[in-house]
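# Close look at the chain arrangement
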There are 2 protein chains.
Amino acid sequence: MPFTYEYARPALTVDCVVFGLDDEDLKVLLIQRDLEPFAGRWALPGGFVHVDETIDQAARRELAEETGLTKVFLEQLYTFGGVDRDPRERIVTVAYYALVRLLDHKVQAATDARNAAWFAIDDLPKLAFDHQGIVDAALARLQGKVRYQPIGFELLPPKFSLTQLQRMYEIILDRELDKRNFRKKVLSLEILDELDEVEQDVAHRAARLYRFDERNYRQLAREGFNFEI
Amino acid sequence: MPFTYEYARPALTVDCVVFGLDDEDLKVLLIQRDLEPFAGRWALPGGFVHVDETIDQAARRELAEETGLTKVFLEQLYTFGGVDRDPRERIVTVAYYALVRLLDHKVQAATDARNAAWFAIDDLPKLAFDHQGIVDAALARLQGKVRYQPIGFELLPPKFSLTQLQRMYEIILDRELDKRNFRKKVLSLEILDELDEVEQDVAHRAARLYRFDERNYRQLAREGFNFEI
DNA sequence: CCAAAAGTGTTCTCCATACACCCATGC
DNA sequence: GCATGGGTGTATGGAGAACACTTTTGG
């Protein structure tokens, strides 16, 4: 049943920049478009906002439909409202960014009905629409936010070593950090539980594993903190 | 000429939280609604986004139409997409916040055709829709941003004393600051031009006036800075 | 025993903080 | 001369930054 309006309205979509992390790179999950415009080009997962769902719900629904991801860390980024973003019609998009544990989701994305794949953030293919600009904004937000909110932890497995944690920060911030100062700082925050476990199957001394102290972690996530690493 | 769509679409509006500053308070500019729903209630200036304008342009247009304000500092805040925000139909709104020199605009708002007025931020009337939540978000953003970006300067007249500047930070952050430390810090940033002028018509020693050093100011606004006052 | 990464302390510098008095001006 | 705000310096403590060697383990 078609709807009629007095004036033309912009259409409203959501788009998600999904970040993942492996040993070497910060990666972004992209979907290959099968329809015009930009058929064959890679693009951010996303789609139209329905009238009976919030925009947050729309972002989660599209993420689940197009990539199979659920229960991820998801936060609104910025709303892009340029007049010529889409060649078909006027479309305003609310961009979100998500952080996921890449290893948990590597296979799933690749075997999805639609063509989905992870790309290193500094080696992306040419993207559809203005999606490169959205990715740039999301990266800037992530780099800024990681300094005063412990959100980056969403990118790691539940148990991790301090070296892994440091590596994550180095990859996101794109610079090297001093090992001793990093450990001193992160341990002083008291958001890590030291476990009685170590890495397995490594060809050198095994590193101790840590887990987030959920209580202090949530507390600190609310208050913000000064993580000037 | 009415337009027809296959599926119902959310409508899209913009709303603006306009901050101003006087000697005592941080204030917000509100418009009294003359139509239902919420007729008679105070609300944020705003309105529908047209298909042929960007959302930034829509925000500036609505601000000009409803309050007469032009050329103000304006920045996107957040997009509010709750399903029941508006009792008539589904409306998603992109919220902006603006900073203006209150003294320049005091009269204009009051004499506008529609009923507009400034209210102290901690003494607002009951607002229409979810606008109180939008104001809360805007205040939180302003308080956070003022610490690492010199945006607050948009609230002051072109020439101002260090005491005025300190007063502005105290009002925004809602706490007292040490005079000597404040001056030391702000002068060390080298974004102020010391003028050969002083306040006029005060019943005590007249304070020296300063102006922003546009070059360094723009530079620092881009880079961000650490204003941990 | 060798390769590889884990783990560990100290020094220095800088910046935020705390704090109190004299000065200039108008009335 | 007094009331009002303008303007100034110093001492202390804490945190970030720089920096190198020993330990553990597997192969």
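Above this text sits the structure in question.
Described in the following lines is the structure provided in the data block. (Residues numbered from 1 in each chain as written. Chains lettered and ligands numbered in written order. Predicted model: local features only at pLDDT ≥ 70, side-chain atom pairs only at ≥ 80, totals over all residues. Heavy atoms only, no water.)

## Focus: the interface of chain A and chain B
Reports often express the size of an interface as the amount of accessible area lost when the parts come together. Taken together, the 30 residues of chain A in the interface contact 30 residues of chain B. Contact between chain A and chain B buries roughly 2,700 Å² in total, counting both sides, with carbon and sulfur atoms accounting for 56%. Taken as a group, Tyr5, Arg9 and Val51 of chain A account for 23% of the area that chain A buries against chain B, more than any other trio of residues on that side. Our count for the contact surface shared by chain A and chain B stands at two salt bridges. Residue arginine 9 of chain A pairs with glutamate 89 of chain B through a salt bridge whose shortest N-O separation is 3.1 Å. Here chain A and chain B share 16 residue pairs in polar contact (both at pLDDT 80 or more) between them. At the level of elements, strand 1 (3-5), strand 2 (11-21), strand 6 (73-80) and strand 7 (91-99) of chain A are the ones that each hand at least two residues to the side of chain A that touches chain B. Top element by residues in the side of chain A that touches chain B is strand 6 of chain A. It accounts for four residues. Of the residues assigned to the side of chain A that touches chain B, the class counts are 17 nonpolar, seven polar and six charged. (Contact = heavy atoms within 4.5 Å. Buried area = accessible area lost by both parts, 1.4 Å probe. Salt bridge = Lys/Arg side-chain N within 4 Å of Asp/Glu carboxyl O. Polar contact = N/O pair within 3.5 Å; in protein donor to acceptor, adjacent residues only side chain to side chain. Helix = DSSP H or I, 4+ residues; strand = E, 2+ residues; numbered from the N terminus. Nonpolar A, V, L, I, M, F, W, Y, C, P; charged D, E, K, R; others polar.)

## Considerations on the pattern of salt bridges
Taken as a whole and judged by the stated rule, the model has 22 salt bridges over all chains. Of the charged contacts in the structure, one is a salt bridge between arginine 208 of chain A and glutamate 194 of chain A, with a shortest N-O distance of 3.4 Å. One end of the pair, arginine 208 of chain A, is in strand 11 (residues 208-212); the other, glutamate 194 of chain A, is in strand 10 (residues 192-198), and 14 residues separate them in sequence. With a relative accessible area of 35%, arginine 208 of chain A lands in the partly exposed category. Of the residues examined, glutamate 194 of chain A reaches a relative accessible area of 52% and is grouped as exposed. A salt bridge links glutamate 53 of chain B to arginine 61 of chain B; its shortest N-O distance comes to 2.7 Å. Across the pair, exposure class does not vary: glutamate 53 of chain B and arginine 61 of chain B are buried alike. (Buried < 20%, exposed > 50% of the residue type's maximum accessible area, 1.4 Å probe, protein only.)

## Some thoughts on the protein's contact with DNA strand C
Taken together, 19 residues sit near DNA strand C, with Thr163, Lys179 and Lys184 of chain A together with Asn181 and Lys185 of chain B positioned nearest. For DNA strand C, the fraction of protein-proximal atoms (within 4 Å) that sit in sugar or phosphate groups is 41%. Taking aspartate 178 of chain B, its side chain carries an N or O atom lying 3.3 Å from a base nitrogen of DNA strand C. Broken down by secondary-structure element, the contributors of at least two residues to the surface near DNA strand C are helix 5 (179-188) of chain A together with helix 5 (179-188) of chain B. Residues that form the surface near DNA strand C fall into these classes: three nonpolar, four polar and 12 charged. (Near = heavy atom within 4 Å.)

## Considering the side chain of glutamine 76 of chain A
Relative to the helices and strands, glutamine 76 of chain A resides in strand 6. Taking the relative accessible area as the measure of exposure, glutamine 76 of chain A reaches 5% and is therefore buried. A polar contact is formed between the side chain of glutamine 76 of chain A and the backbone nitrogen of threonine 79 of chain B, at a distance of 2.8 Å. The contact partners of glutamine 76 of chain A, leaving out residues within four places of it in the chain, are Ile55, Val94, Ala95, Tyr96, Tyr97 and Arg141 of chain A together with Tyr78 and Thr79 of chain B.

Honestly, it's all geometry; don't read function into it.
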